[in-house]
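Each chain, written out:
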Amino acid sequence: MTQKLVVVGNGMAGMRTIEELLKITPDLYDITVFGDEPYGNYNRILLSPVLAGEKTIDDIMLNTEEWYAENNITLRKGVKVTEIRRDRRVVIAEDGSETPYDRLLIATGSRPFILPIEGVGLQGVLTFRDIHDVNQMLAAAKTGKKAVVIGGGLLGLEAANGLAKNGMDVTVVHLMDTLMERQLDAAAGAMLKASLEQRDLKFLMEAKTKAIVGRDKVEAVELEDGRKIPADLVVMAVGIKPNIELAQKAGLYCERGIVVDDTMLTYDGRIYAVGECVQHRGVAYGLVAPLFEQAKVCANHLARKATAAYKGSVTSTKLKVTGIDLFSAGDFAGGEGVEEIVLKDPYGGVYKKLCIKDNKIRGAVLYGDTMDGPWYFQLMREGTDISEIRDHLLFGQAHLGDSGHGGQESGVALLSDDAEICGCNGVCKGEIVDAIVEKKLFTLDDVRAHTKASSSCGSCTGLVEQLLATTLGGDYSETPKEKPICACTDLSHDAVREVINTQEIKTIPELMAFLEWKTPNGCATCRPALNYYLLCRWPEDYEDDSQSRFINERAHGNIQKDGTYSVVPRMWGGVTTPDELRAIADVAEKYKVREVKVTGGQRIDLFGVEKEDLPEIWRDLSKAGFVSGHAYGKALRTVKTCVGSQWCRFGTQDSTGLGIKLEQMTWGSWMPHKFKMAVSGCPRNCAEATIKDFGVVCVESGYELHIGGNGGIKVRVTDLLTKVETEEEVLEYTAAFIQLYREEAHYLERTAPWVERVGLAYVKKKILDDPENRKALRDRFLKSQRRAQIDPWKENATSPQRQAQFKPLRDLTRQQDLEGANA
Amino acid sequence: MSNHAPGENWVSVGKLEDIPPLGARIVRREGGNIAIFRAEGDRIYALENRCPHKGGPLSEGIVHGCRVTCPLHNWVIDLDSGEAVGPDEGVVKRYDVKLIDGEIYLHDAALKAQEAA
Ligand code: SRM
Ligand SMILES: Cc1cc2nc3c(=O)[nH]c(=O)nc-3n(C[C@H](O)[C@H](O)[C@H](O)COP(=O)(O)OP(=O)(O)OC[C@H]3O[C@@H](n4cnc5c(N)ncnc54)[C@H](O)[C@@H]3O)c2cc1C
Ligand code: SF4
Ligand code: FES
């Protein structure tokens, strides 16, 4: 029999949990949802734009009543639950009904805090929490003129702004000397106050409310100092408190909120709780991002997967007042060992402060220009060491030179709707914003799935994240730090590698069974990663699973847009001979190759080859002495060289010869991503060694070794690893570096982001400071090369079984085949 | 699958063992190839070898469960329904196929449909 799940609270956290649950297992429960508001589920945080007249109630609905029906959820809207009987496992509602449960989810949110003063019961005294409140405020704005908002925090300011937009004369009464003092420092608070004053809002700071006066309708707000501020409407926005009455009454253990563990379970093993009503590790949250994380974990446990844990969240805040950009995250109060980097331009209306401790961002306050808020927040949450970018940190991420959307550094919010954000898929800003709004997208993954933006090269990820942040405000849930490999598992790349390193598991099915993969055989994201990790771990006896490889690696060529392939033979160090060129020319003619092109990697590409012809071409190339150039692989690509001391008047060493040696040592090696090398004969650097994964720059006294460069999507100049004196050392360090990268990087992570993630110091520690380790790495690399350096082209061209895979199963266009088929 | 003979309208196109597990091969025919997939649990599917997105050869994709990921831009096609997995929209033509004693038979409607076209 299906189990009964009852949800009390039809708000953002409760329904997000149900959505997550339905994604994992749609049929496990018979679900009933109680909500004492008379609507489907809506996006509460967008009540502010509704009040300001920028959105309508319809715009902010998340799940309509049809959605509940389609998903077989019984929605008891407008019905309040008054009691939970844990002994009988039923909830009792206002209307007298009793609903039994096997599992109960409490998501009752929070209540506005009401000051314990006289007059709060008067007509015209409102709070700001739900649609009902907004409707009342809008109605009051039609008749009344003067409004007083008590509380200068986020909610109060958004209410004040909305009421002013509705034509009211608004005064904000705030107890402290800084607005939003929990999110802003004094400088930013003052700038905020000044710009709100320009919008005709009035402020009474350090003012304590004593009472609200009036006969039956509110007439004024009275302060401790005796002042009386006339008011037709008073909005109380002094804070919220978790709504725990129901839980308390049922005898569930509560402190400030309902106390839950890391699985969102309360002290009753059948009752879960999420959202603003809970207290987790001592914290009760009041923003949606953490609640969405809780929802995900809770759904995982409701679905009986029991693999997720909630460990608390770091939060950031944005103020949703159109025209005012404000961002705040973390701890910015200063303190011992905390350094502040500040940029202050009162005239331009920009203020930025970063608090740094131990080379990590601890807190950020941005006013006026918040474009880099999400970036700082990410650096902060991931604990990134910022020492190397410190000098231009305040100038923002736009400095980092992504290709494909040049000239758009001026802030994504300022871009026009037809500005192209994703250069790979041709997706414009307007399309992305529309999709976020209409399809109610919250995460980067959602946007990728629906618009394809940022789903290819990923260089526009930052821009898309900014669009999410500016479109959704604080509603945007950033991607968590330890991302699972894909939707087939909750485990991250590192977690999976850890298991592979410690267990004797040598096949993908065994590994998936051991790690409780959620899908029978993974997907196109995880299988290639697992195949690589196993191959790297067991170089001598892992049986490569070609079905877990992307077609390029399976067919040993690059698939083209028309389904044909390209063929790139290896040309050691870019050096060739008339004989080789003749052989290539012969092959090109014999197989009617449609185009012959010199690549950016110093070799020749033959385009437009039919899959069926590949083994034949390879056989001919093999005979002429060529091996595969792996131009298609997450593998060693090219070793680019310059002429060096053999011919060049400036050459200091034999760069060509060294490049060939390096290529001969490393070709065939599978890697987390593609890997490119270069050797330049002098610092003029004609081989562009300083934008390669591993680059050698020859100098009179030896060889400089450079690592972690990239000339592609995001240009990154290499870091200098060290300088050595002999070619033998170059080879040893190269092999060690490659092996470290092979063993530790995530699949599809190139050396540039890998080095940035682990830090140059780490690489130096492993390779420079520890010669034993360096030699061990080198030895492991050479050992794995023994099996890797079997030319795949020759192998495929000579094994009939492998060749068969390149041919059709049956060719019905050939007469004899067709006759045979009909016989 | 039963042990009975395939019946009149079925054309043998090859053996199960000729397709790698979680792999695919094509049957070439006039005017567009058919991809024969060997999916999870040796289930066999026959679909037109053209991705609804930009015509990518689905037979070259990675097969997982009863789905294939197109090699060109990663659309995921459900082999059972021929439909692109949301949020992408599109559908691939499917053909009847059956497996008897390790032999794969394609319904000849797959060939006739093409002749008519
Ligand atoms: C053939 C070639 C272009 C050319 O005509 O010159 C080429 C062609 C492709 N490159 Fe490239 N790249 C080629 C040199 C480069 C270079 C220049 C170089 O190596 O000196 C770069 C910048 C340097 C670098 O990688 O740091 C380059 C940066 C990229 C990138 C971005 C990589 C990055 O980490 O930023 C991609 C996308 C990827 O790998 O994910 C890419 C991907 C591709 C793919 C494989 C796209 C794909 O996935 O299908 C292209 C295949 C085209 C096809 O239809 O066959 N190609 N690509 C070059 C082959 C070189 C070779 O001999 O092997
Ligand atoms: C105006 C406004 C602006 C905001 N802006 C932001 C922002 O910019 N960024 C941000 O991150 N957060 C913002 N928030 C906070 C955010 O909306 C909340 O964190 C979030 O809605 C909390 O979700 P929840 O599910 O815990 O509670 P809620 O969304 O409040 O849902 C609880 C639901 O339970 C119902 N309920 C309670 N008791 C019972 C009962 N006994 N029986 C039946 N139903 C019951 C309530 O009626 C309510 O519908 C804002 C909030 C407001 C009010
Ligand atoms: S060859 Fe490289 S740069 Fe040119 S279109 Fe293809 S991926 Fe883009
Ligand atoms: S052609 Fe298949 S995804 Fe684009």
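As for the site of ligand 1
All names here are of chain A.
So, step 1. In the vicinity of ligand 1 lie 21 residues, with Gln-560, Thr-599, Gly-600, Lys-674 and Arg-750 positioned nearest.
So, step 2. Interatomic distance of 2.7 Å between a side-chain N/O atom of Lys-674 and an oxygen atom of ligand 1.
So, step 3. In the environment of ligand 1, an oxygen atom lies 2.8 Å from a nitrogen or oxygen atom belonging to the backbone of Ile-713.
So, step 4. Of the residues in the shell around ligand 1, the class split is three nonpolar, 11 polar and seven charged.

Looking at the interface of chain B and chain A
So, step 1. Counting residues at the interface gives 34 residues for chain B, matched by 34 residues for chain A.
So, step 2. Both faces combined, the contact of chain B with chain A buries some 2800 Å², and carbon together with sulfur accounts for 57% of it.
So, step 3. Between Asp-811 of chain A and Arg-28 of chain B there is a salt bridge, with the nearest N and O atoms lying 3.5 Å from each other.
So, step 4. Summed over the shared surface of chain B and chain A, the result is 16 residue pairs in polar contact (both at pLDDT 80 or more).
So, step 5. Listing elements by their share of the side of chain B that touches chain A, those giving two or more residues are strand E1 (10-15), strand E2 (23-28) and strand E5 (62-64) of chain B.
So, step 6. Ranked by residues supplied to the side of chain B that touches chain A, first place goes to E2 of chain B with five residues.
So, step 7. Here strand E39 (residues 810-811) of chain A runs beside E2 of chain B; their pairing, made up of two bridges, is parallel. Bridge pairing in E2 of chain B links Asp-811 of chain A to Arg-28 of chain B.

A look at the environment of Arg-129 of chain A
Residue and element names in this part refer to chain A.
So, step 1. Looking at where Arg-129 falls in the secondary structure, it is placed in the loop between strand E11 (125-126) and helix H4 (131-143).
So, step 2. When its relative accessible area of 17% is taken as the criterion, Arg-129 is described as buried.
So, step 3. Note: C-alpha distance between Arg-129 and Arg-111 (18 residues apart in sequence) is 7.7 Å.
So, step 4. When neighbours within four sequence positions are excluded, Arg-129 is seen to be in contact with Tyr-42, Arg-44, Leu-47, Gly-109, Ser-110, Pro-112, Ile-240 and Glu-276.
So, step 5. Polar side-chain contacts of Arg-129 include one of 2.9 Å to the side chain of Glu-276.

Remarks on helix H6 (residues 186-198) of chain A
So, step 1. Under the 1.5 Å per step criterion, the end-to-end length of H6 of chain A is 18 Å for 13 residues, consistent within 8% with the ideal 18 Å.
So, step 2. Summarising the contacts, the buried residues of H6 of chain A are in contact with helix H5 (154-165), strand E14 (202-204), strand E24 (326-330), strand E25 (339-345), strand E26 (350-357) and strand E27 (360-367) of chain A.

Points about the sheet that holds strand E38 (residues 719-724) of chain A
In a beta sheet, neighbouring strands are held together by backbone hydrogen bonds and run either parallel or antiparallel to one another.
Residue and element names in this part refer to chain A.
So, step 1. Strand order in the open sheet formed by five strands is E34-E35-E36-E37-E38, and the pairing between neighbours is mixed. Unpaired on one side and paired on the other, strand E34 (636-641) and E38 mark the two borders of the sheet. Across the sheet, the mean angle separating the axes of adjacent strands is 15° when strand polarity is ignored.
So, step 2. In terms of strand pairing, strand E36 (residues 694-699) meets strand E37 (residues 702-707) through six bridges, oriented antiparallel. Note that in E37 the partner of Val-696 across the bridge is Leu-705.
So, step 3. Strand contacts of helix H19 (residues 655-666): E34, strand E35 (675-680), E36 and E37, with the helix running at about 170° to E34, the strand carrying the most contacts.

Definitions and limits used
Residues numbered from 1 in each chain as written. Chains lettered and ligands numbered in written order. Predicted model: local features only at pLDDT ≥ 70, side-chain atom pairs only at ≥ 80, totals over all residues. Heavy atoms only, no water. Near = heavy atom within 4 Å. Polar contact = N/O pair within 3.5 Å; in protein donor to acceptor, adjacent residues only side chain to side chain. Nonpolar A, V, L, I, M, F, W, Y, C, P; charged D, E, K, R; others polar. Contact = heavy atoms within 4.5 Å. Buried area = accessible area lost by both parts, 1.4 Å probe. Salt bridge = Lys/Arg side-chain N within 4 Å of Asp/Glu carboxyl O. Helix = DSSP H or I, 4+ residues; strand = E, 2+ residues; numbered from the N terminus. Pairing = 2+ DSSP bridges. Buried < 20%, exposed > 50% of the residue type's maximum accessible area, 1.4 Å probe, protein only. Expected span 1.5 Å × (residues − 1). Axes fitted to C-alpha atoms, helices over the stretch in contact; angles between N-to-C directions.

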